[in-house]
Amino acid sequence: MLKAPKQVTRMAPVCCIIPEHVLQNILEVGQAPQHVLDACQSTIDQTKELHNTRIEHKQSLLAEQERPTFEGIIPSYIFETIAREAAKKEQLTGAVRHLNRTVYDAQHTNRRDPPRNKIMIKEGGALISKEQDPSYDANECYIGFQKTYDFYFNFLNRDSIDGRGGGLNGFVHYSEGYQNAFWDGKQMIFGDGDGVIFNGFTDELDVIGHELTHGVVEYTSPLDYSFQSGALNESLADVFGIMIKQWGNDPANPQTAEQSDWLIGEGIWAKGVNGRALRDMKAPGTAYNDRRVGSDRQPGHWKNFQKLPLSEDQGGVHINSGIPNHAFYLASTLIGGYSWQTAGPIWYKALTCGKLRQNASFKEFAELTILNAGDHEDSIREAWKQVGYPFDGGRDEL
Ligand SMILES: [Zn+2]
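From a predicted model like this one, the values you see are computed outputs, not experimental measurements.

Conventions and cut-offs
The written sequence of each chain sets the order in which its residues are numbered from 1. Totals for whole chains, interfaces and linings use all residues, but because this is a predicted model, local features are given only for residues with pLDDT of at least 70 and pairs of side-chain atoms are given and counted only at 80 or more. By convention in this description, side-chain values take in all heavy atoms of the structure and omit both hydrogens and water. Pairing of aromatic side chains here covers Phe, Tyr and the six-membered ring of Trp, requires ring centres within 6.5 Å, and sorts the geometry by plane angle: under 30 degrees stacked, over 60 edge-to-face, intermediate tilted. Numbering of helices and strands runs from the N terminus, with a helix taken as a DSSP run of H or I at least four residues long and a strand as a DSSP run of E at least two residues long. Exposure classes here rest on a 1.4 Å probe applied to the protein chains alone. A residue is buried below 20% of its type maximum, exposed above 50%, and partly exposed in between. The working definition used for a salt bridge is a side-chain nitrogen of Lys or Arg within 4 Å of a carboxyl oxygen of Asp or Glu. Think of a 1 Å grid over just the protein atoms. A cavity is a set of points where a 1.4 Å probe fits yet cannot get out, a pocket is an open set with protein on both sides within 12 Å along at least five of seven lines, and lining residues have an atom within 4 Å of a point. Grid points are joined across faces, edges and corners, and a volume is the space filled by probe spheres set on the points. Classes in brief: Ala, Val, Leu, Ile, Met, Phe, Trp, Tyr, Cys and Pro nonpolar; Asp, Glu, Lys and Arg charged; the others, Gly included, polar. Each metal's donors are the N, O and S atoms within 2.8 Å of it, or within 3.2 Å when it is Na, K or Ca, and because water is not part of the set, sites may look incomplete. Within the patch definition used here, like charges are joined within 9 Å and nonpolar side chains (Val, Leu, Ile, Met, Phe, Trp, Tyr) within 5 Å, considering only residues with over 30% relative accessible area and no salt bridge. Per-residue and other accessible areas were derived by the Shrake-Rupley procedure at a 1.4 Å probe size, with only the shown protein chains allowed to occlude residues. Every residue pair with non-hydrogen atoms within 4.5 Å of one another is taken to be in contact. Here, nonpolar core refers to any group of buried Ala, Val, Leu, Ile, Met, Phe, Trp, Tyr and Cys residues whose side-chain atoms link them within 4.5 Å.

Participant: So, the packing of aromatic side chains: which residues are in play, and what are the values?
Facilitator: For the structure shown, the criterion picks out 29 aromatic pairs. When the centroid spacing of 6.1 Å and the interplanar angle of 65° are considered together, the rings of W262 and F328 count as edge-to-face. Taken together, the residues W262 in the loop between α6 (227-248) and β7 (263-264) and F328 in helix α8 (residues 322-335) connect sequence positions 66 residues apart. Like F328, W262 is buried. Centre to centre, the rings of W347 and W384 are 5.6 Å apart; their planes meet at 10°, and the pair counts as stacked. Here W347 is found in helix α9 (residues 343-352), whereas its partner W384 is found in helix α11 (residues 377-386), with 37 residues between them in sequence.

Okay, structure coming up:
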């Protein structure tokens with residue numbers, strides 16, 4: 001089965017935790033100190049350049065045919081089936097962990113591929129002392145990787161992002177005042193933030209979980225990063241990010257759906273910014289409202305869906321994700337208990353069942369979760385209904 005090549009604009013760009021439209025708005029409002037505005041501009045510019053690199057990287061991968069890509073001739077579900085069969089085999093002989101982390105110091109360079117000459121922590125190595133690096137970023141990255149890995153391994157039987165024990169590489173101290181953190185398709189990169197609007201990004205387990213989940217999506221059902229499928233891609237990253245936070249912040253005393261705050265990127269804002277988090281899955285659209293930053297634009301119901309052009313947040317991928325995010329919150333709380341034992345595995349099955357199309361709509365994804373809901377079908381159906389299922393009004397593309 002041959003597929004036509006996809007448009008370049010629809011390839012997954014660098015999946016940043018801080019959406020470009022947020023940085024753009026800080027610039028347009030112009031109320032932040034000049035050095036912060038400068039940092040916003042350079043973060044946007046550098047990210048654009050990284051995005052272009054990513055496209056080149058994708059194209060070279062495509063040429064080599066070395067792994068599933070968005071445009072691969074072999075559908076990703078075949079790779080997924082192979083990975084699943086391998087996992088089953090391992091189960092018979094006892095599952096084997098392949099946690100393999102490396103945290104590098106990017107040494108404030110903004111090179112497209114940061115240097116690998118300064119390893120801060122390698123798998124099994126000692127944490128960094130305060131004298132070596134007062135920021136604690138490398139340690140937080142190293143620990144966050146393990147918790148994310150453990151979450152997928154323990155509860156979803158997945159061996160790392162690629163399902164085949166692939167190494168987890170992270171770079172801290174990327175560039176100067178870089179206001180973002182992202183997964184670039186092969187590694188995770190963290191800026192330091194500017195300290196005025198954005199704090200650092202390594203201390204947020206849900207941020208690390210979100211970014212690494214973009215990798216999982218890419219290896220299972222690589223949803224186009226635009227319009228509804230892009231919003232689903234973003235939402236899945238938040239859904240697994242929040243579960244990793246609910247379980248991983250204190251694994252001895254994890255949080256139920258009722259106990260969770262359902263906030264993504266809590267603590268991302270520096271002191272003085274009027275915001276609880278970057279997104280709120282329980283109450284989309286209420287996470288922040290600050291004169292220098294603007295306000296949270298997420299809808300929580302289909303009636304408020306924002307039809308946006310591709311030039312704006314890839315057609316609203318970080319905006320309309322509020323709708324499926326809220327559906328997951330509702331599903332988890334309607335069932336009750338730990339979300340990774342209830343709605344979480346249902347969402348994971350929908351993602352990995354091989355039937356999720358690259359340009360899937362909210363409706364298609366919702367129906368896959370209902371199909372995989374087992375005993376929880378009524379709750380899952382009700383959750384989607386409460387956010388506007390069956391999402392009448394057709395496709396959103398402009
Ligand atoms: Zn994302």
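Participant: How would you sum up the pattern of salt bridges? Please name residues and give values.
Facilitator: Scanning all chains against the criterion turns up 17 salt bridges. Its salt-bridge partner being R357, residue E364 comes within 2.9 Å of it at the nearest N-O pair. Residue R357 is classed as partly exposed on the basis of its relative accessible area of 42%. A single network of salt bridges, built from pairs that share partners, joins E234, D238 and R279.

Participant: Before we move on, could you go through empty space enclosed by the protein and cite the residues and values that matter?
Facilitator: One pass over the full model with this rule turns up three cavities of 30 Å³ or more. Counted as a void, the largest cavity has a volume near 70 Å³. In terms of lining residues, the largest cavity is bounded by P19, H21, V22, L278, R279, Y288, D296, R297, Q298, H318 and I319. Class assignment of the residues belonging to the lining of the largest cavity gives a composition of five nonpolar, three polar and three charged.

Participant: Now, about the coordination of the zinc ion: what can you tell me, with residues and values included?
Facilitator: The coordination sphere of the zinc ion contains the protein donors H210 (NE2), H214 (NE2) and E234 (OE), at a distance range of 2.1 Å. In primary sequence terms, the donor set of the zinc ion follows H-x3-H-x19-E. You can see H210 and its partner H214 sitting in helix α5 (residues 205-220), four residues apart, about one turn around the helix. Residue classification places H210 among the buried residues on the basis of a relative accessible area of 0%. Residue H214 is classed as buried on the basis of its relative accessible area, which comes to 3%.

Participant: A description of a nonpolar patch on the surface should follow, citing residues and the corresponding values.
Facilitator: A surface patch of nonpolar side chains, amounting to about 230 Å² of accessible area, comprises L127, Y136 and I143. Within the secondary structure, Y136 sits in the loop between β3 (119-122) and α4 (137-156). Judged by its relative accessible area of 33%, Y136 is partly exposed.

Participant: With reference to specific residues and values, describe helix α10 (residues 362-371).
Facilitator: One full turn of an α-helix is made of 3.6 residues, so residues set three or four places apart face in the same direction. Within α10 the residues assigned to the buried category are F362, F365, A366, L368, T369 and I370. Buried-residue contacts for α10 involve α6, α8, α9 and α11.

Participant: Got a sec to walk through the layout of surface pockets? Specific residues and values, please.
Facilitator: Each pocket or cavity is described by its volume, and for the largest pocket that value is around 720 Å³. Of all the elements in the fold, those that place two or more residues in the lining of the largest pocket are α1 (20-29), α2 (34-64), β10 (294-295) and α7 (313-316). Here the lining of the largest pocket gets seven residues from one element, more than from any other, and that element is α1. Split by residue class, the lining of the largest pocket holds 12 nonpolar, 14 polar and six charged.

Participant: Explain the nonpolar core residue by residue, including any values.
Facilitator: Of all hydrophobic cores here, the largest spans 91 residues; its most connected members are F198, F240, W269, W347 and W384. Discounting residues that sit within four places of it in the chain, W347 has contacts with L236, V239, F240, A327, F328, A331, F365, T369, I380 and W384.

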